[in-house]
Amino acid sequence: MLKWGMEGDKMRIGQSIDIHQLVENRKLILGGVEIPYDKGLKGHSDADVLLHAVIESIIGAMGLGDIGKHFPDTDPKYKGISSMILLEHTYQMMIENGYKIGNIDSIIMCEQPKMAPHILKMRENISKVLHCDINQVNVKATRGEKLGFVGRKEGIVSQCVVLLEEIK
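Structure report, in brief. (Residues numbered from 1 in each chain as written. Predicted model: local features only at pLDDT ≥ 70, side-chain atom pairs only at ≥ 80, totals over all residues. Heavy atoms only, no water.)

The full count for this structure, using the stated rule, is 5 salt bridges. Arg143 serves as the salt-bridge partner of Glu111, at 3.2 Å between the closest nitrogen and oxygen. Of this pair, Glu111 sits in the loop between strand 5 (99-109) and helix 4 (119-129) while Arg143 sits in the loop between strand 6 (137-142) and helix 5 (148-151), and the two are 32 residues apart along the sequence. Of the residues examined, Glu111 reaches a relative accessible area of 7% and is grouped as buried. The partner of Arg143 in a salt bridge is Glu145, and the shortest N-O contact between them spans 3.6 Å. Since its relative accessible area comes to 35%, Arg143 is described here as partly exposed. (Salt bridge = Lys/Arg side-chain N within 4 Å of Asp/Glu carboxyl O. Helix = DSSP H or I, 4+ residues; strand = E, 2+ residues; numbered from the N terminus. Buried < 20%, exposed > 50% of the residue type's maximum accessible area, 1.4 Å probe, protein only.)

Dropping the structure here:
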């Protein structure tokens, strides 16, 4: 029996969008998966646009600001860091604040390369770090249909919505 909205249950929703430019001489890493491609995402860290959206959604659901507040791109200790490590830190913040993952729904907007072969591994990576069932993590992908900067293969966008549940 679902207990949604029952007295004493505390749930919080967070959402985020992240955008990074595609550039040469960078690895393309999404959801902690290195994807073979001739370009990668520009950023201070590994520029994993999917994980950045997930991280910021969790931080936002807790009302703790944004990703830049906790992992500023001006701090040298985050230069080149794996976003999987940032996700682990975010998990610890979530636990310290008394929450667990209810579910995650995310989308990657990318003209190329194809995401379908990599989505299961992305979901596995995220669910492992956040200590939740893989069925609580959804990753979808869509193309830009040659429209805008996504369609011109200039960048990748990711959006995420997360539901956090209070730990009892």
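Read on for the rest.
A few words on unusual backbone geometry. At the junction of Gln112 and Pro113, the peptide bond is cis and its omega measures out at 0° in the coordinates. The residue Pro113 is located in the loop between strand 5 and helix 4 in this model. One non-glycine residue with positive phi stands out, namely Glu145, at about 55°. Mapped onto the secondary structure, Glu145 falls in the loop between strand 6 and helix 5.

Turning next to the nonpolar core. Among the nonpolar cores identified, the biggest contains 45 residues, and Leu30, Ile58 and Leu130 are the most heavily contacted of them. Taken together, the elements giving at least two residues each to this core come down to strand 2 (28-30), strand 3 (33-35), helix 1 (49-61), helix 3 (83-96), strand 5, helix 4, strand 6 and strand 7 (155-166). At 9 residues, helix 1 tops the list of elements feeding residues into this core. Not counting residues within four places of it along the chain, the set of residues in contact with Ile58 comprises Leu87, Thr90, Met94, Ile101, Leu130, Val162 and Leu164. (Core = buried A, V, L, I, M, F, W, Y, C linked by side-chain atoms within 4.5 Å. Contact = heavy atoms within 4.5 Å.)

As a further point, take the side chain of Ser45. Tracing the backbone shows Ser45 in the loop between strand 4 (40-41) and helix 1. Polar side-chain contacts of Ser45 include one of 3.3 Å to the side chain of His52. In contact with Ser45, not counting residues within four places along its chain, are Arg26, His52, Tyr78, Gly80, Ile81 and Ser83. (Polar contact = N/O pair within 3.5 Å; in protein donor to acceptor, adjacent residues only side chain to side chain.)

Two strands pair when backbone bridges link them, and strand 1 (residues 11-23) and strand 7 are joined in this way by 11 bridges, in the antiparallel orientation. In the sheet register, Ser16 faces strand 7, and the bridge partner there is Cys160. As defined by bridge partners, strand 5 adjoins strand 7 across 10 bridges and the pair is classed as antiparallel. Within the sheet, the bridge partner assigned to Ser106 lies in strand 7 and is Cys160. (Pairing = 2+ DSSP bridges.)

Everything listed is a geometric property; what it means functionally is a separate question.
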